[in-house]
Amino acid sequence: QVQLVESGGGLVQPGGSLRLSCAASGNIFSINFMGWYRQAPGKARELVAGISSIGITKYADSVKGRFTISRDNAKNTVYLQMNSLKPEDTAVYYCNVARRDGTVLSWGQGTQVTVSS
């Protein structure tokens with residue numbers, strides 16, 4: 001099993017920045033994909049950004065140019081740097097890890113990000 005511990009959420013004004021972190025432990029050798037999803041009230045959970053073990057990244061169109069995903073394989077940690085935040089970025093953000101074949105290994109507990117003046 002893989003355990004995930006998230007940190008870094010909070011309240012920020014529009015235009016501000018936050019950095020989310022997610023540290024994995026346990027059976028980390030099976031991890032290929034690390035990513036961040038979010039879910040706003042009344043909406044479906046959506047992929048925000050993901051990164052493979054060799055550093056290939058993908059982003060939702062709504063966050064391209066504002067968010068940057070990175071990972072430190074030595075620390076088994078994935079980061080999400082969020083800049084130029086907008087009120088519509090408000091959601092619970094979940095860390096996710098998966099095998100190469102897409103099998104989900106674990107979800108984080110979620111961290112609230114609120115963008116408001």
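As a reminder, the structure under discussion sits directly above these lines.
Residues numbered from 1 in each chain as written. Predicted model: local features only at pLDDT ≥ 70, side-chain atom pairs only at ≥ 80, totals over all residues. Heavy atoms only, no water.

Among the 8 residues of strand β9 (residues 91–98), 7 are classified as buried, and the element is accordingly described as predominantly covered. With 7 bridges joining them, strand β4 (residues 33–39) and β9 adopt antiparallel strand pairing. Across the sheet, the residue bridging to Trp36 is Cys95, located in β9. Pairing between β9 and strand β11 (residues 111–115): 3 bridges, direction antiparallel. Across the sheet, Ala91 pairs through a bridge with Val113, a residue of β11. Pairing analysis gives 3 bridges linking β9 to strand β10 (residues 104–107), with the strands arranged antiparallel. Across the sheet, Ala98 pairs through a bridge with Val104, a residue of β10. (Buried < 20%, exposed > 50% of the residue type's maximum accessible area, 1.4 Å probe, protein only. Helix = DSSP H or I, 4+ residues; strand = E, 2+ residues; numbered from the N terminus. Pairing = 2+ DSSP bridges.)

Moving on, we come to the sheet that holds strand β7 (residues 67–72). Read across the open sheet, the 4 strands follow the order β1-β3-β8-β7; overall the sheet is antiparallel. A single partner strand is all that each edge strand has here, and the edge strands are β1 (2–7) and β7. Going across the sheet, the axis of each strand differs from the next one's by a mean of 15 degrees, ignoring polarity. As judged from the 6 bridges shared by β7 and strand β8 (residues 77–82), these two strands associate in the antiparallel manner. When the bridges of β8 are listed, Phe67 appears paired with Met82. (Axes fitted to C-alpha atoms, helices over the stretch in contact; angles between N-to-C directions.)

Our focus in this paragraph is the pattern of salt bridges. As enumerated under the stated definition, the model contains 4 salt bridges in all. As a salt-bridge pair, Arg38 and Glu46 come within 2.7 Å of each other at their nearest N and O atoms. A residue is classified by how much of its surface remains accessible, and Arg38, at 6% relative accessible area, is buried. Assessed through its relative accessible area of 33%, Glu46 is described here as partly exposed. Here Asp61 makes a salt bridge to Lys64, at a shortest N to O gap of 3.1 Å. Owing to a relative accessible area of 64%, Asp61 belongs among the exposed residues under this scheme. (Salt bridge = Lys/Arg side-chain N within 4 Å of Asp/Glu carboxyl O.)

This brings us to the side chain of Asn96. Structurally, Asn96 is set in strand β9. Those residues within four positions of Asn96 in sequence are excluded, and the remaining contacts are Leu4, Phe33, Met34, Gly35, Tyr37, Val104, Ser106 and Trp107. (Contact = heavy atoms within 4.5 Å.)

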